[in-house]
Amino acid sequence: MAGVILRRLAGAVPVLLIVSLITFGMMRLIPGDPSSVIGGLSATPAQLAQIRADLGLDEPFFLQMLKWYTALAHGDLGRSILLGQDVVGATLQRLPVTLALSAYALVITVVFGLCSGVFAALRQNTVIDQLAMMFAMLGISVPNFFLGLLMIILFAVRLGWLPTGGYIAFTDDPVGWLRTSTMPAISLALLQVGLLARITRSTMLEVLRQDYIRTARAKGLPRRVVVMKHALANALIPITTVVGIIVSLLISGSVVTETLFSIPGMGQLLTQAVLNRDYPMVQGGLLLTTAFLVMINIAVDACYALLDPRVRYESP
Amino acid sequence: MNLPDAPSRPDAEADIQDVPIHRQHPAWMTLRRLFRHQLFLTGIGLFGIILAAAILAPIIAPVDPTKLAMRYKFRPPDGTFIFGTDNFGRSLWSRVIWGAQLSVVIGFSVVLLNAIFGTLIGALAGYFRSLDNGLMRVNDALMAFPAILLAIGVTAVLGPSTFNVILALAVVYIPRTARIVRSSVIVLREMEYVQAAVAAGAGHWRILRRHILPNAMAPLIVQLSFLFAYAVLSEATLSFLGLGAVPPTPTWGNIMAEGRQYMSEASWIITIPGIALMITVMGLNLLGDGLRDVLDPRLRIQQ
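None of these values were measured; they are calculated from a predicted model. (Residues numbered from 1 in each chain as written. Chains lettered and ligands numbered in written order. Predicted model: local features only at pLDDT ≥ 70, side-chain atom pairs only at ≥ 80, totals over all residues. Heavy atoms only, no water.)

## Structural notes on the overall build of chain B
Okay, so step 1: Helix and strand counts for chain B stand at 12 helices and 0 strands.
Okay, so step 2: Tracing chain B from N to C terminus, the helices and strands come up as α-α-α-α-α-α-α-α-α-α-α-α.
Okay, so step 3: Across the 303 residues that make up chain B, the buried fraction comes to 50%.
Okay, so step 4: Element-wise, carbon and sulfur atoms account for 65% of the exposed surface of chain B, whose accessible area totals about 14800 Å². (Helix = DSSP H or I, 4+ residues; strand = E, 2+ residues; numbered from the N terminus. Buried < 20%, exposed > 50% of the residue type's maximum accessible area, 1.4 Å probe, protein only. Areas by Shrake-Rupley, 256 points an atom, 1.4 Å probe, with all protein chains shown as cover.)

## Here's the deal with the overall build of chain A
Okay, so step 1: When helices and strands are tallied, chain A shows 13 helices and 0 strands.
Okay, so step 2: Of the regular secondary structure in chain A, the N- to C-terminal order runs α-α-α-α-α-α-α-α-α-α-α-α-α.
Okay, so step 3: Along the three orthogonal principal directions, the C-alpha set of chain A runs to about 85 × 60 × 35 Å.
Okay, so step 4: Summed over all atoms, the accessible surface of chain A reaches about 15200 Å², with 68% contributed by carbon and sulfur.

## Section: unusual backbone geometry
All names here are of chain A.
Okay, so step 1: Unusually for a residue other than glycine, Asn-125 sits at a positive phi of about 65 degrees.
Okay, so step 2: Positionally, Asn-125 belongs in the loop between helix 5 (87-122) and helix 6 (127-141).
Okay, so step 3: In this structure Asn-125 comes out as exposed when scored by relative accessible area, which is 51%.
Okay, so step 4: We note that Ser-262 has phi near 40 degrees; this positive angle belongs to a residue other than glycine.

## Considering the UniProt feature "transmembrane region" (unreviewed entry) in chain B
All names here are of chain B.
Okay, so step 1: Sequence positions flagged by UniProt for "transmembrane region" (unreviewed entry) are, in local numbering, residues 39-63, 102-128, 148-174, 216-246 and 266-288.
Okay, so step 2: Counted over residues 39-63, helix gives 84% and strand 0%. Its end C-alpha atoms are 35 Å apart.
Okay, so step 3: Here residues 216-246 runs as 81% helix and 0% strand, with 38 Å between its end C-alpha atoms. (UniProt positions renumbered as here; feature names shortened; annotations may be inferred.)

## Thoughts on the pattern of salt bridges
Residues and elements named next belong to chain B.
Okay, so step 1: Scanning the model with the defined rule gives 8 salt bridges over all chains in all.
Okay, so step 2: Residues Arg-129 and Glu-190 are paired through a salt bridge, measuring 2.9 Å at the closest nitrogen-oxygen approach. Here Arg-129 is found in helix 6 (residues 129-144), whereas its partner Glu-190 is found in the loop between helix 8 (162-189) and helix 9 (192-199), with 61 residues between them in sequence.
Okay, so step 3: Here Arg-129 falls in the exposed class, since its relative accessible area comes to 59%.
Okay, so step 4: Overall, the relative accessible area of 43% leaves Glu-190 in the partly exposed class. (Salt bridge = Lys/Arg side-chain N within 4 Å of Asp/Glu carboxyl O.)

## Remarks on the interface of chain A and chain B
Okay, so step 1: Counting residues at the interface gives 45 residues for chain A and 43 residues for chain B.
Okay, so step 2: Counting across the interface, chain A meets chain B through 1 salt bridge.
Okay, so step 3: As a salt-bridge pair, Arg198(A) and Asp289(B) come within 2.8 Å of each other at their nearest N and O atoms.
Okay, so step 4: In this structure, the connection of chain A to chain B is made through 4 residue pairs in polar contact (both at pLDDT 80 or more).
Okay, so step 5: Elements with a minimum of two residues in the side of chain A that touches chain B: helix 1 (2-29), helix 6, helix 7 (144-158), helix 8 (174-208), helix 10 (223-260), helix 11 (266-275) and helix 12 (279-307) of chain A.
Okay, so step 6: The class makeup of the residues in the side of chain A that touches chain B is 30 nonpolar, 10 polar and 5 charged. (Contact = heavy atoms within 4.5 Å. Polar contact = N/O pair within 3.5 Å; in protein donor to acceptor, adjacent residues only side chain to side chain. Nonpolar A, V, L, I, M, F, W, Y, C, P; charged D, E, K, R; others polar.)

## Concerning the UniProt feature "transmembrane region" (unreviewed entry) in chain A
Okay, so step 1: Per the UniProt annotation, the sites labelled "transmembrane region" (unreviewed entry) are residues 12-30, 101-122, 134-157, 177-199, 231-251 and 285-307 of chain A.
Okay, so step 2: Taken end to end, residues 101-122 of chain A is 100% helix and 0% strand, and its first and last C-alpha atoms sit 31 Å apart.

## Here we look at the UniProt feature "domain: ABC transmembrane type-1" (unreviewed entry) in chain A
Okay, so step 1: Under the UniProt annotation, the feature "domain: ABC transmembrane type-1" (unreviewed entry) is placed at residues 95-300 of chain A.
Okay, so step 2: Counted over residues 95-300 of chain A, helix gives 83% and strand 0%. Its end C-alpha atoms are 20 Å apart.

## Section: the environment of Thr240(A)
Residues and elements named next belong to chain A.
Okay, so step 1: With respect to the helices and strands, Thr-240 occurs in helix 10.
Okay, so step 2: Accessibility expressed as a relative area gives 13% for Thr-240, which makes it buried.
Okay, so step 3: If we skip the residues at most four places from it in the chain, Thr-240 touches Val-300, Cys-303, Tyr-304 and Leu-307.

## Overview of the side chain of Arg292(B)
Okay, so step 1: Relative to the helices and strands, Arg292(B) is located in helix 12 (residues 268-295).
Okay, so step 2: At 3.0 Å, the side chain of Arg292(B) and the side chain of Asp289(B) are in polar contact.

## So, a nonpolar patch on the surface
Okay, so step 1: A cluster of nonpolar side chains, namely Val127(A), Leu131(A), Met134(A), Phe135(A) and Leu138(A), defines an oily patch on the protein surface of about 510 Å² accessible area.
Okay, so step 2: Along the polypeptide, Val127(A) turns up in helix 6. (Patch = residues over 30% accessible without salt bridge, like charges linked within 9 Å, V, L, I, M, F, W, Y side chains within 5 Å.)

## A look at the UniProt feature "domain: ABC transmembrane type-1" (unreviewed entry) in chain B
Okay, so step 1: What UniProt calls "domain: ABC transmembrane type-1" (unreviewed entry) maps, in this numbering, to residues 100-288 of chain B.
Okay, so step 2: Taken end to end, residues 100-288 of chain B is 84% helix and 0% strand, and its two terminal C-alpha atoms sit 20 Å from one another.

## Let's talk about the packing of aromatic side chains
Residue and element names in this part refer to chain B.
Okay, so step 1: Scanning the entire structure with this criterion turns up 8 aromatic pairs over all chains.
Okay, so step 2: Look at Tyr-173 and Tyr-230: their rings are 6.1 Å apart centre to centre, the planes differ by 20 degrees, and that puts the pair in the stacked class. Here Tyr-173, found in helix 8, pairs with Tyr-230, found in helix 10 (residues 204-240); they are 57 residues apart in sequence, far enough to count as distant. (Phe/Tyr/Trp six-rings, centres within 6.5 Å; stacked < 30°, edge-to-face > 60°.)

## Observations concerning the packing of helix 1 of chain A against helix 4 (residues 61-73) of chain A
All names here are of chain A.
Okay, so step 1: It is at 12 Å that the axes of helix 1 and helix 4 come closest, and there the two elements cross at 140 degrees. The pairing of helix 1 with helix 4 is recorded here as oblique in orientation. In this structure, the crossing between helix 1 and helix 4 has a hand that is right-handed. Every residue of helix 4 that contacts helix 1 at Leu-17, Ser-20, Leu-21, Phe-24, Gly-25 and Arg-28 is listed here: Phe-61, Gln-64, Met-65, Trp-68 and Tyr-69.
Okay, so step 2: In the contact of helix 1 with helix 4, the residues fall into 7 nonpolar, 3 polar and 1 charged. (Axes fitted to C-alpha atoms, helices over the stretch in contact; angles between N-to-C directions. Parallel < 35°, antiparallel > 145°, perpendicular 65-115°, else oblique. Left-handed = near helix turned anticlockwise from the far one by under 90°.)

## Brief notes about the confidence of the model for chain A
Okay, so step 1: In the predicted model, chain A carries a mean pLDDT of 81, and the fraction of residues at 70 or more is 93%.
Okay, so step 2: Averaged pLDDT values over the elements of chain A bottom out at 62 in helix 13 (residues 309-313) of chain A and peak at 88 in helix 5 of chain A. (pLDDT = per-residue confidence, 0-100.)

## Observations regarding the packing of helix 10 of chain B against helix 12 of chain B
Residue and element names in this part refer to chain B.
Okay, so step 1: For the pair helix 10 and helix 12, the least separation of the axes is 8 Å and the interaxial angle reads 170 degrees. It follows from the interaxial angle that helix 10 and helix 12 lie roughly antiparallel. Contacts between helix 10 and helix 12 involve Ala-218, Ile-221, Val-222, Ser-225, Phe-226, Phe-228, Ala-229, Val-232, Leu-233 and Ala-236 on the former and, on the latter, Leu-277, Thr-280, Val-281, Leu-284, Asn-285, Leu-287, Gly-288, Asp-289, Leu-291, Arg-292 and Leu-295.
Okay, so step 2: Split into classes, the residues belonging to the contact of helix 10 with helix 12 amount to 15 nonpolar, 4 polar and 2 charged.

## Some words on the environment of Leu208(B)
Residue and element names in this part refer to chain B.
Okay, so step 1: Mapping Leu-208 onto the fold places it in helix 10.
Okay, so step 2: Owing to a relative accessible area of 3%, Leu-208 belongs among the buried residues under this scheme.
Okay, so step 3: Between the C-alpha atom of Leu-208 and that of Val-185, which follows or precedes it by 23 residues, the distance is 8.8 Å.
Okay, so step 4: Once residues lying within four places of it in the same chain are set aside, the contact partners of Leu-208 are Ala-123, Tyr-127, Phe-128, Leu-213 and Pro-214.

Okay, structure coming up:
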């Protein structure tokens, strides 16, 4: 088990290396560089050249790359040009916001997605099933920014119940956090609720057809025990994969949601960094984000082992 | 050992001849099954509305979608302006219809690029073991990026335009398509009929073209129909963030982005393109579900 995780971690290194190479190359290919953003429109060519020299942007491409990787090997991801803050610090400041939002959305996803999937499967081909699957289809078809806008129009502009945007940290004011995060979390979760409901339903239907379920029912076990202990426990294995995918979809989806609701999270930070050619921030931030996503995938694989003894005892 | 003779019936042969022989082409039978599939038909219907609007745009929306008419601004939907007007008095009907055309063109182009390059990369990686490791590492790296950030990065490199959005979305989705093709090719490569073809002296290309790829088509077609939905959705998202086609060219995303400032007094600027987007995505999703049920029963969500 520990061996599996170690091997997966080792396998992640080349992937992250290629990720950083792609990011590095992509950022240098973007026309324009940070000097024009810092210098502003009125900067003279001499001033721009000075800024470029200060940032080391006048050096040859490969030298810049070599320097970046050398610093990376020492655990230094550089400083954000735009924020004047070091990349790791800026990431650590913004990441909790995105994580809190994603966690909230994940709770919504698991509660609604899992429940509606299980209920639909238990009442296959009834009105409840059809309604649940209709909502799931709506969920995967409504763009999250559209739902976000509709909620803003209804709950913020028309009714005035919730603020249109902004963010209050949970540690500062839990009620404020709920007020600012609920609409973003719902709009972020919608797609995933639909996905999870559909997959839970199909997995449950497959499991419910198995012989051991019939045996369990035949020997007179209460329905609740059959569903929870025999069916759901087995259905959870494929569902875990989906939850792993959902976590990365949530982090990815937060880019749009954070922009829409002006939430100062990782997505907004990276979008602004790309648009303002903040090279170190994009390179470091994307590397950290993808590394984080890769870790989540490995954690999901480790969860399999916990849920499924067959994986645990399998020789590596 | 003597087996008893089968009871002879004089009319046995006639019986067999009476059974109608279904000499229908398999493709025809698949089509018939598709057109009995309720959800597929609903999907075709919904997507058909959008497709018709896109194709007929010059006829049904003759008013220039970029034509300004300040005195008509913020007209709510009524008899004169079917979908109302926006902050510049432009006809939202025209803008949404021409936006449909753009969405369909972008979605179709992304699907086409995926069909070509996703198949190529997936087939090469799946069939030639020597290429697998290298190709899939790059593939994994591209898939490790949060999708929308990669698309934002690529459009930032290339600059915002319709063509560049197509390229950006192709870069984002081709690795996913390649992975699906690869996984079918890896299974098919080990099939006995492929070994038979190898034994008969068929070359690599012939085996790939004649024996492997035709059998890998079903999951690919299903993937491409969902991909169309993702592409339309992502294009709208990018142009909502200001990275799509440059205004005043109307796209559903940039119409909604402009409408944001006026959402308290003119919410139809947001809701109408939003609903159009939803209809498109839902139509394509239903279509994809139908195709999956009929073409690829292994992946089926049990009915």
